[in-house]
There are 2 protein chains.
Amino acid sequence: MEGEPTLRLRVFDLNCWAIRYLSKRRQERIRLIGDTLRREGFDLVLLQEVWSEQDYRELKVKLADRYPFSHYFRSGVIGSGLCVFSRFPILDTLLYQYSLNGYPYMLQHGDWFCGKSVGLVVSVWESEPLCFPSLQLHAEYCRDEDAYLPHRLVQAWELAQFIRHTSKAADVVLLGGDLNMHPEDVGVRLLRGWTGLRDAFAEATRFEGCKNGCTLVPDNRFTNKSELLPFPLGIRIDYILYKAISSFTVKCEELKTTTGPAPGTDIPFSDHEAVMATLHIQRQGQPAGATLGTADLALADVVTEARTEVDVGLRAAQRQRYSSGRMAVLALLLLLLQATAALGTLAGLGTEQPFPKLSFCLLAFLALGVLVLATGLHLFHTKEVKMLHGTEDQMSMALRALQERP
Amino acid sequence: MEGEPTLRLRVFDLNCWAIRYLSKRRQERIRLIGDTLRREGFDLVLLQEVWSEQDYRELKVKLADRYPFSHYFRSGVIGSGLCVFSRFPILDTLLYQYSLNGYPYMLQHGDWFCGKSVGLVVSVWESEPLCFPSLQLHAEYCRDEDAYLPHRLVQAWELAQFIRHTSKAADVVLLGGDLNMHPEDVGVRLLRGWTGLRDAFAEATRFEGCKNGCTLVPDNRFTNKSELLPFPLGIRIDYILYKAISSFTVKCEELKTTTGPAPGTDIPFSDHEAVMATLHIQRQGQPAGATLGTADLALADVVTEARTEVDVGLRAAQRQRYSSGRMAVLALLLLLLQATAALGTLAGLGTEQPFPKLSFCLLAFLALGVLVLATGLHLFHTKEVKMLHGTEDQMSMALRALQERP
């Protein structure tokens, strides 16, 4: 070991809220973000919700000399919205798309079309691999009646599993992104417990920014004020998490968030605040991050809680699968009945037609429409049931493994 | 190292062709497979196309004492069809669903509904992790005009990336499954080159079974004879691949395939032949499987070839996206025109109705149907374009990395 080399890694993480035609003052904000990143010179930039490839290309051109390495993750109908800019070479990337991500018929929420994913970037420092996943989980639309909670828990579980399986050979794992969950939520506890990742906000020696590290605050002119009414200080849903594996230690020297308008302008970067961490990475003899084994009991509780929520979602999905299937069968029966009546009339069995042609035709089309829609829904909910069931199985396996540990 | 412990690992791999209501003599064959596995006592059993969970449960009960550990991978509308039975504890599992898998409107091929995936099982021997992915790739329906080739190449690439990223901490990686590709096909060369996996058939000291290791043979009563006409000996599309990482060596002592009817009966296990390998795993000082670096040039050629094919698929998908989008716009225009005409009539602008009501109504419904269908297709092909483009990007990055290596 060549005298314990150290690295001060400056990380920038932001949910950019850059939806074409929908996000306010998008181009102006993208320009602002690009200028700031160029000026500040971070080592690693993790951006989410860069939905337009055009915006990515613009940033790439602007940042080419400061951040020579970058990657844009493509997925779903619209894309994953994830991109990474790095001062260190990017050796390899991998995209993992969550198996569940909202409902195609909830057009107003749009999560289904996005193909939300976690993107993994493998980078290198002093010929040691560093592993940087960046991600966004399913949004929360209503905290009280949160129909998406099981989907978000499946995503949190898949994310945790993905990180565990892919980071085994990395020395440092750094996760940045919008988890769409509060720090004390079961999904965040599951992710942290199952992977051993530490929360930069909780570990930081110095902190500067919005109170409690909030990243969705009422002071930001783009946030939806009514959604934040129960949380006058705002909420913290964007995170930088990290852990060291093997013979490395990572410490969070400083964590900052932006606080509304960017310096010298009247607008913020996004409806989310950016999170900026300065991490101190050092090679050492002592392996760090081995906290996983010590907290097995607490972890088992978290996994149990998450499994219960997934089970609730599973039951709801099963009910929806059943009712959409029944609807499809009814529509099919109606169509068959109509076909029989029409054939009967054609064959001259009935002397006069019981219905006017137009109503008959309209009814047939209606039945056909219901049949197609209900079949589609049935297929979708069947898939949902499978994935929820599969995750529940995996969680049970994990629980058994935890309980059997000596 | 405690005197070089060795393990003789007996692996069984079979595409079971167990589709409810469709596969011939399914229940009989599942019983037969169960009996054979129970009698033979393999160490690891990788099964594909076990589409019905009922069949898995039946096997699980029957094999409980010989193979105490098992896992069924759920995904997609129908499922992944993958399951694993093991004599060694299964520590953890992970499912990775390919981003592209055929077309939803190709109902007769059904791949889209299956959620084809690779399932990863992490097991343990002598407290060393062993990593066993099992999988099935998209089927090939017509070798001459293979519209699915780009999808299969994306799957092969994703599979290779998945194995590379997840197996870094494993000592032995063993992949069994139906690749739906011939040994010399670009997808198989890509997978082998990019992961460093070795083909058990090519490496086996002893071989016994169908000529050339074929697993889809005309002698099997369930195979489609017309599809195999150009290949009188049959084709080899089921594989057992392996590699050793770190301080292990793996040798394939023996490879066998079944040859038609199972012993003592008149029916084979499936339309595919089973592949059975006996592997000799030994802990050693010398790291094995480091053949990847030596063949960089050949690997670059394979990646280039694969990228070209993906590019062909990308262009086709872009064309389809364009034409479905145009169709949707035309249907929308027709609907708007009709709406204008109807409003005009209602407002009394036109004194008499130009069309009979029924035809007018039928045309509107037709336009609506086309609009819905074309929009769905447009969304699907948009996703396809994104994924093909993303894979092409990743392959380009891999090529650059290969070319820049000293």
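Source: prediction; values computed, not measured. (Residues numbered from 1 in each chain as written. Chains lettered and ligands numbered in written order. Predicted model: local features only at pLDDT ≥ 70, side-chain atom pairs only at ≥ 80, totals over all residues. Heavy atoms only, no water.)

Draft legend 1. View of the relation of the copies chain A and chain B. Between chain A and chain B, which share one sequence, the superposing operator has a rotation angle of 180° and an axial displacement of 0.0 Å; the RMSD is 0.1 Å. When the rotation and shift are considered jointly, the pair of chain copies conforms to a two-fold rotation axis. Proximity to the rotation axis, assessed at the C-alpha, singles out Thr 166 of chain A in chain A; its C-alpha lies 2.4 Å from the axis. (Least-squares fit on C-alpha atoms with pLDDT ≥ 70 in both.)

Draft legend 2. Fine view of the sheet that holds strand β13 (residues 275-283) of chain A. Residues and elements named next belong to chain A. The mixed open sheet is built from seven strands, whose spatial order is β3-β4-β2-β1-β13-β12-β10. In this open sheet, the two strands that pair with only one neighbour each are β3 (69-72) and β10 (206-208). For this sheet, the mean inter-axis angle between neighbouring strands, taken without regard to orientation, is 20°. Pairing analysis gives eight bridges linking strand β1 (residues 6-18) to β13, with the strands arranged antiparallel. Each residue of the ladder has a partner; that of Leu 7, found in β13, is Ile 281. Here helix α1 (residues 26-40) sits on the sheet in contact with β1 and β2 (44-50), set at roughly 175° to β1. (Pairing = 2+ DSSP bridges. Helix = DSSP H or I, 4+ residues; strand = E, 2+ residues; numbered from the N terminus. Axes fitted to C-alpha atoms, helices over the stretch in contact; angles between N-to-C directions. Contact = heavy atoms within 4.5 Å.)

Draft legend 3. Spatial organisation of the packing of aromatic side chains. Considering all chains together, one arrives at 15 aromatic pairs over all chains under this definition. Ring plane angle 50° and centroid distance 5.4 Å describe the contact between Trp 17 of chain B and Phe 222 of chain B, whose orientation is recorded as tilted. Remark: Phe 222 of chain B occurs in the loop between β10 (206-208) and β11 (238-244) and Trp 17 of chain B occurs in strand β1 (residues 6-18); sequence separation between them is 205 residues. Relative accessible area serves as the criterion here: at 15%, Trp 17 of chain B is assigned to the buried category. The exposure class of Phe 222 of chain B is buried, given its relative accessible area of 10%. An aromatic cluster is present here, built from Phe 12, Phe 42 and Phe 269 of chain A joined pairwise through their rings. The side chain of Arg 29 of chain B reaches across the aromatic face of Phe 222 of chain B, ending 5.4 Å from its centre. (Phe/Tyr/Trp six-rings, centres within 6.5 Å; stacked < 30°, edge-to-face > 60°. Buried < 20%, exposed > 50% of the residue type's maximum accessible area, 1.4 Å probe, protein only. Lys NZ or Arg CZ within 6 Å of the ring centre and 35° of its normal.)

Draft legend 4. Molecular detail of the packing of helix α4 (residues 149-166) of chain B against helix α7 (residues 296-346) of chain B. Residues and elements named next belong to chain B. Interaxial distance between α4 and α7 falls to 8 Å at its minimum, and their mutual angle equals 130°. Considering their axes alone, α4 and α7 lie oblique with respect to each other. Between α4 and α7 the crossing geometry is left-handed. Between α4 and α7, the contacting residues are Leu 149, Pro 150 and Leu 153 on the first element and Ala 306, Glu 309, Val 310 and Gly 313 on the second. (Parallel < 35°, antiparallel > 145°, perpendicular 65-115°, else oblique. Left-handed = near helix turned anticlockwise from the far one by under 90°.)

Draft legend 5. Molecular detail of the sheet that holds strand β12 (residues 248-257) of chain B. Residues and elements named next belong to chain B. In spatial order, the strands read β3-β4-β2-β1-β13-β12-β10; together these seven strands make up an open sheet with mixed pairing. Looking at which strands have only one partner, the edges of the open sheet turn out to be β3 (69-73) and β10. Neighbour to neighbour, the strand axes of the sheet diverge by 20° on average, direction disregarded. The sheet contacts of helix α1 (residues 26-40) involve β1 and β2 (44-50), and relative to β1 the element is tilted by about 175°.

Draft legend 6. Focus on the interface of chain A and chain B. Taken together, the contact between chain A and chain B spans 41 residues of the former and 41 residues of the latter. Across the chain A to chain B interface the summed buried area is about 3,800 Å²; carbon plus sulfur atoms make up 64%. Counting across the interface, chain A meets chain B through zero salt bridges. Across the chain A-chain B interface, the total number found is zero residue pairs in polar contact (both at pLDDT 80 or more). Secondary-structure elements contributing two or more residues to the side of chain A that touches chain B are β5 (90-97), β6 (117-125), α4 (149-166) and α8 (357-404) of chain A. (Buried area = accessible area lost by both parts, 1.4 Å probe. Salt bridge = Lys/Arg side-chain N within 4 Å of Asp/Glu carboxyl O. Polar contact = N/O pair within 3.5 Å; in protein donor to acceptor, adjacent residues only side chain to side chain.)

Read these as layout, nothing more, since geometry by itself doesn't imply function.
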